[in-house]
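Each chain, written out:
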Amino acid sequence: MGEIFLPNKTKLICGFIFRNQNYYTKAKNILENKFGRVDFESNDLAFIYTKYYEDEFGKNLIRKFASFKKLINPKDISRIKIFTNKIEQKLAIGARRSINIDPGYIDLAKLILATTKNYSHRIYLNRGIFAEITLTFKNNTFNPNPLTYSDYTSQEYIKIFNEIRNRYYEEINKKDTRATP
């Protein structure tokens, strides 16, 4: 029988897709008020991997990633996804969203994304939210899984997630970061 232990707190990340920088700034400010300051922010990246969002947002979309200094309990990711959905609704223009926010977390072994969409590689958490292991860390880098979204398989994104993981590694080695039940 394995020993039961509490996991370490994890590094909250959010991926954003938007066209207008103002909506990113507004969403980031709301998230910082709730989760503390952003400690990593990627450059603007051209979102060229799918046309899925173009009907809703238009063309020339931007992708950006941010992580937060304050660590989170991994069990809270479903609550965080519900919160980010509310931000999307608040910033919507009529029935159309102005920003897409994908929260997740990084620990030493993986990158988890929260989603409202069920599929074979996703596990139900609660309140209509699922989680997927999007990337796994092995051989000193993040690696995609067979059903990982194509943009998350790019070396550009993986470099970003490795940087965030390095920050997380340094942070958890400075203090006790066990999650609470």
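Summary of the structure given here. (Residues numbered from 1 in each chain as written. Predicted model: local features only at pLDDT ≥ 70, side-chain atom pairs only at ≥ 80, totals over all residues. Heavy atoms only, no water.)

## A short note on the nonpolar core
Step number 1: Judged by nonpolar contacts, the single largest core of 26 residues is most densely connected at F16, L31, I99 and I101.
Step number 2: Of all the elements in the fold, those that place two or more residues in this core are β1 (11–18), α1 (21–35), β4 (62–68), α3 (77–90), β5 (99–106), β6 (110–115) and β8 (129–138).
Step number 3: With five residues, α1 is the single largest residue contributor to this core.
Step number 4: Excluding residues within four positions of it along the chain, L31 makes contact with C14, F16, G36, F68, F83, T84, I87 and I101.
Step number 5: F57, L61, L111 and L135 belong to the second largest nonpolar core, which has 20 residues in total. (Core = buried A, V, L, I, M, F, W, Y, C linked by side-chain atoms within 4.5 Å. Buried < 20%, exposed > 50% of the residue type's maximum accessible area, 1.4 Å probe, protein only. Helix = DSSP H or I, 4+ residues; strand = E, 2+ residues; numbered from the N terminus. Contact = heavy atoms within 4.5 Å.)

## Remarks on α1
Each α-helix winds once per 3.6 residues, and so residues spaced three or four apart point in a common direction.
Step number 1: Between its first and last C-alpha atoms α1 spans 21 Å; for 15 residues at 1.5 Å apiece the expected length is 21 Å, and the two agree.
Step number 2: Elements in contact with the buried residues of α1: β1, β2 (38–41), β4, α3 and β5.
Step number 3: Among the residues of α1, the N-terminal cap falls to N20, whose side-chain oxygen and the backbone nitrogen of N22 are separated by 2.7 Å.
Step number 4: Just downstream of α1, G36 is the residue with a positive phi angle, here 90 degrees. (Expected span 1.5 Å × (residues − 1). Polar contact = N/O pair within 3.5 Å; in protein donor to acceptor, adjacent residues only side chain to side chain.)

## Considering the pattern of salt bridges
Step number 1: As enumerated under the stated definition, the model contains 13 salt bridges in all.
Step number 2: Taking the shortest distance from any N to any O, the salt bridge between K11 and D39 comes out at 2.4 Å. Separated by 28 residues along the polypeptide, K11 in strand β1 and D39 in strand β2 bring together distant segments of the chain. Each member of the pair, K11 as well as D39, is classed as buried.
Step number 3: Here the residues in one salt-bridge network are K11, D39 and E171, joined through shared partners. (Salt bridge = Lys/Arg side-chain N within 4 Å of Asp/Glu carboxyl O.)

## Concerning α3
Step number 1: Under the 1.5 Å per step criterion, the end-to-end length of α3 is 20 Å for 14 residues, consistent within 8% with the ideal 20 Å.
Step number 2: Taken residue by residue, α3 has I77, S78, I80, K81, I82, T84, I87 and E88 as its buried positions.
Step number 3: Considering only its buried residues, α3 is in contact with β1, α1, β5, β6, β7 (122–126) and β8.

## What to know about the side chain of K28
Step number 1: Summarising the element assignment, K28 is placed in helix α1.
Step number 2: A residue is classified by how much of its surface remains accessible, and K28, at 17% relative accessible area, is buried.
Step number 3: The residues contacting K28, other than those within four sequence positions of it, are V38 and E41.

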